[in-house]
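Summary of the model geometry
Take a look at the letters that make up each chain.
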Amino acid sequence: MELHEFFKSVIDMDTSAVVICDLSHKIVYMNPAAEERYSKRGGGRLVGTSLLDCHNKASNERIEQVIEWFGKSPENNRVYTFYNEKENKDVYMIAMRNGDGELIGYYEKHEYRNRETANFYEMN
């Protein structure tokens, strides 16, 4: 199995939506959770389109600011962008870098604050 298949599996098995973009803001990949979450906006058909078309002007300006900050240093990799009260989660923009530390893209990460309700090792 190719290494990229392992990494793709990590993203695909995540229950949080993951939308990966290149530096021109083109959506290059959406995991199944993202396709479902954004189904009313086109789901998987959004791949190949601009993420900026999904946001308002103020949000787009913030996205551009974060990308600029990511580009200033290989140490700049995570920015807290939003708290979603309805879903009780924090939202971050995360830099993606190649093996040389060069910025190649970004994605949005959701971290839910709700405590897990399943029993330990429950396999239903």
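Residues numbered from 1 in each chain as written. Predicted model: local features only at pLDDT ≥ 70, side-chain atom pairs only at ≥ 80, totals over all residues. Heavy atoms only, no water.

1. Digging into the packing of aromatic side chains
Two descriptors summarise a pair of aromatic rings, namely the distance from one centre to the other and the angle between the planes of the rings. All told, the structure shown has two aromatic pairs when counted by the stated rule. Between Trp-69 and Phe-70 the ring centres are 5.9 Å apart and the planes differ by 45 degrees, which places this aromatic pair in the tilted class. Its relative accessible area of 35% is what places Trp-69 among the partly exposed residues. Look at Tyr-80 and Tyr-92: their rings are 5.3 Å apart centre to centre, the planes differ by 45 degrees, and that puts the pair in the tilted class. In this pair, Tyr-80 is assigned in strand β3 (residues 78-84) and Tyr-92 in strand β4 (residues 89-97), connecting sequence segments twelve residues apart. With a relative accessible area of 44%, Tyr-80 lands in the partly exposed category. The class for Tyr-92 is buried, based on a relative accessible area of 12%. Here Arg-78 stacks its cationic end above the ring of Tyr-92, 3.7 Å away from the centre of that ring. (Phe/Tyr/Trp six-rings, centres within 6.5 Å; stacked < 30°, edge-to-face > 60°. Buried < 20%, exposed > 50% of the residue type's maximum accessible area, 1.4 Å probe, protein only. Helix = DSSP H or I, 4+ residues; strand = E, 2+ residues; numbered from the N terminus. Lys NZ or Arg CZ within 6 Å of the ring centre and 35° of its normal.)

2. Here we look at the pattern of salt bridges
Under the defined criterion, the tally for this structure stands at five salt bridges. Between Glu-111 and Arg-78 there is a salt bridge, with its nearest N and O atoms 3.3 Å apart. Taken together, the positions of Glu-111 in strand β5 (residues 103-112) and Arg-78 in strand β3 put the pair 33 residues apart, joining distant regions of the chain. A relative accessible area of 26% places Glu-111 in the partly exposed class. A relative accessible area of 41% places Arg-78 in the partly exposed class. Beyond isolated ion pairs, a larger network of salt bridges with shared partners links Arg-37, Glu-87 and Lys-89. (Salt bridge = Lys/Arg side-chain N within 4 Å of Asp/Glu carboxyl O.)

3. Digging into the sheet that holds β3
In spatial order, the strands read β2-β1-β5-β4-β3; together these five strands make up an open sheet with antiparallel pairing. Of all strands in the sheet, those with a lone pairing partner are β2 (27-30) and β3, marking the two edges. Between one strand axis and the next, the sheet turns by 20 degrees as a mean value, whatever way the strands run. As paired elements, strand β1 (residues 19-22) and β2 share three bridges and run antiparallel to each other. Looking across to β2, one finds that Cys-21 is bridged to Ile-27. Seen against the sheet, helix α3 (residues 57-72) touches β3, β4 and β5 and runs at an angle of roughly 45 degrees to β4. (Pairing = 2+ DSSP bridges. Axes fitted to C-alpha atoms, helices over the stretch in contact; angles between N-to-C directions. Contact = heavy atoms within 4.5 Å.)

4. Some words on the environment of Val-47
Its place among the elements puts Val-47 in the loop between α2 (32-37) and α3. Sequence-distant contacts of Val-47, that is, excluding residues within four places in its chain, are made with Ile-27, Val-28, Tyr-29 and Met-30.

5. Describing the pairing of β5
Note: β1 against β5, three bridges, orientation antiparallel. The residue bridging Ile-20 from the neighbouring strand is Tyr-107, located in β5. Hairpin connection of β4 to β5: five residues between the antiparallel strands, including Gly-101 at a positive phi of 85 degrees.

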